[in-house]
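# Fold and contact review
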Amino acid sequence: MKPIKMGVIGAGGTWGQTHVSIYKEHPLASVTAICDLNRSSAEAAAAKLGIPQEAVYTDYRELLRHADVDAVAIVTPDFLHAELAVACAKAKKHMLIEKPLATTREDVDRMMEAIAQNGVRVMVDLHNRWSPPFNAAWSAIHSGKYGNPCTAYFRLNDIRWVATDLLKWSAKSSILWFLGSHSLDTLRWLMGSEPSEIYAVKHEGVLRAEGVDTADAYQTTIKFRNGAIAQMENGWIDPNGNGCINDIKFNMVLERGKIDIDTSSHGMMEIADDRQAVVPDVLVSNFVFGKCRGFAYESIRSFIDQLYTGEEFHVTLRDAANTSLSILKIMESAENGKPVLVDGLY
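The model shown is predicted, which means the values in this text are computed figures rather than measured ones.

The rules behind these values
- Residues numbered from 1 in each chain as written.
- Predicted model: local features only at pLDDT ≥ 70, side-chain atom pairs only at ≥ 80, totals over all residues.
- Heavy atoms only, no water.
- Helix = DSSP H or I, 4+ residues; strand = E, 2+ residues; numbered from the N terminus.
- Rg over C-alpha atoms; globule rule 2.2 N^0.38 Å.
- Buried < 20%, exposed > 50% of the residue type's maximum accessible area, 1.4 Å probe, protein only.
- Contact = heavy atoms within 4.5 Å.
- Salt bridge = Lys/Arg side-chain N within 4 Å of Asp/Glu carboxyl O.
- UniProt positions renumbered as here; feature names shortened; annotations may be inferred.

### Details of the overall build of the protein chain
Counting its regular elements, the protein chain contains ten helices and 17 strands. The C-alpha radius of gyration of the protein chain comes to 20 Å, within 12% of the 20 Å expected for a compact globule of 346 residues. Referenced to the eigenvectors of the C-alpha coordinate spread, the extents of the protein chain come out at roughly 55 × 55 × 45 Å. By the burial criterion, 54% of the 346 residues in the protein chain qualify as buried. Within the protein chain, counting contacts between residues at least 6 apart in sequence, those at least 24 apart form 69% of the total.

Pasting the structure below:
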């Protein structure tokens, strides 16, 4: 078996290093190049992960020009995806892009055009489809036993630390890109339908008071083309003392059934001391005997599997494009204070 040679752009950060680790673990992949604007971060990551220093780049154009890679993982801030993806497409490199696909209509369109023109395969890492409870929900819905979806509610929030400390670029992004992309993709997937109309409102002020110029939270009502309706909540101002970084609650009512999911207070495990009770993350990003075993890692592994076999990715490029375009409609509605029709999807 000839492994897929992977390059990782944005390898100096925590999630970039995760990509490198997973490709190194995978029997069908090898890491032949890593790139980060911060050379010291890239070199440190290379040393930690056993990547030769000659495979380190600080300019993605040099990586594409000189490195021997079949595919590239783009693990940069969301607003930087488009330039990299277009360049990778022109260099005939397949891609796994961290969510979202892009953050403007213009970027989505030019990425889609470049990808189509150059015949490369692309998956966006909307990894909630690999979450065991959500995947089980999808299986139950699509069994037909419970009838069609009617209503849903999905809350996916983060504690404030994510916006103020973890992400150095949160002011250039939005909770809708960081978490809302997962929420909306999951709802589209479970509903089996695209949004037709959206009404959204937002809360502002908490993060701006801490020097982070971005909205605190969004509440969004979505009507789908199949008649189902959903309420979607995304925010990153939950208190830092919360027992879990993520606050994830979901329920759906179907014609003949109901599904409830709580993965932030999942009841599987809790560790407490005199200061705080913590719910360990044993679902999203977990390690077993030093190996990446959380569901957010399975999506990355799946990219390699499907790229190798030629099978369709579990998140199609159309899925990713329509998720981004629909989130732009949420922002438009929240800005204007009016419902908007969702048109122009792929």
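### Considering the pattern of salt bridges
Enumeration over the complete set of coordinates arrives at 27 salt bridges. Where Lys202 meets Glu204, a salt bridge forms, and the shortest distance between an N and an O atom there is 3.7 Å. Exposure remark for Glu204: the relative accessible area of 37% places this residue in the partly exposed category. The shortest N-O distance in the salt bridge between Arg208 and Asp213 comes to 2.4 Å. A single network of salt bridges, built from pairs that share partners, joins Arg129, Asp185, Arg188, Glu194, Arg318 and Asp319.

### Details of the UniProt feature "domain: Gfo/Idh/MocA-like oxidoreductase N-terminal" (unreviewed entry) in the protein chain
Taken from the UniProt record, the annotation "domain: Gfo/Idh/MocA-like oxidoreductase N-terminal" (unreviewed entry) applies to residues 4-125. The span residues 4-125 shows a helical share of 44% and a strand share of 23%, and its end C-alpha atoms are spaced 18 Å apart.

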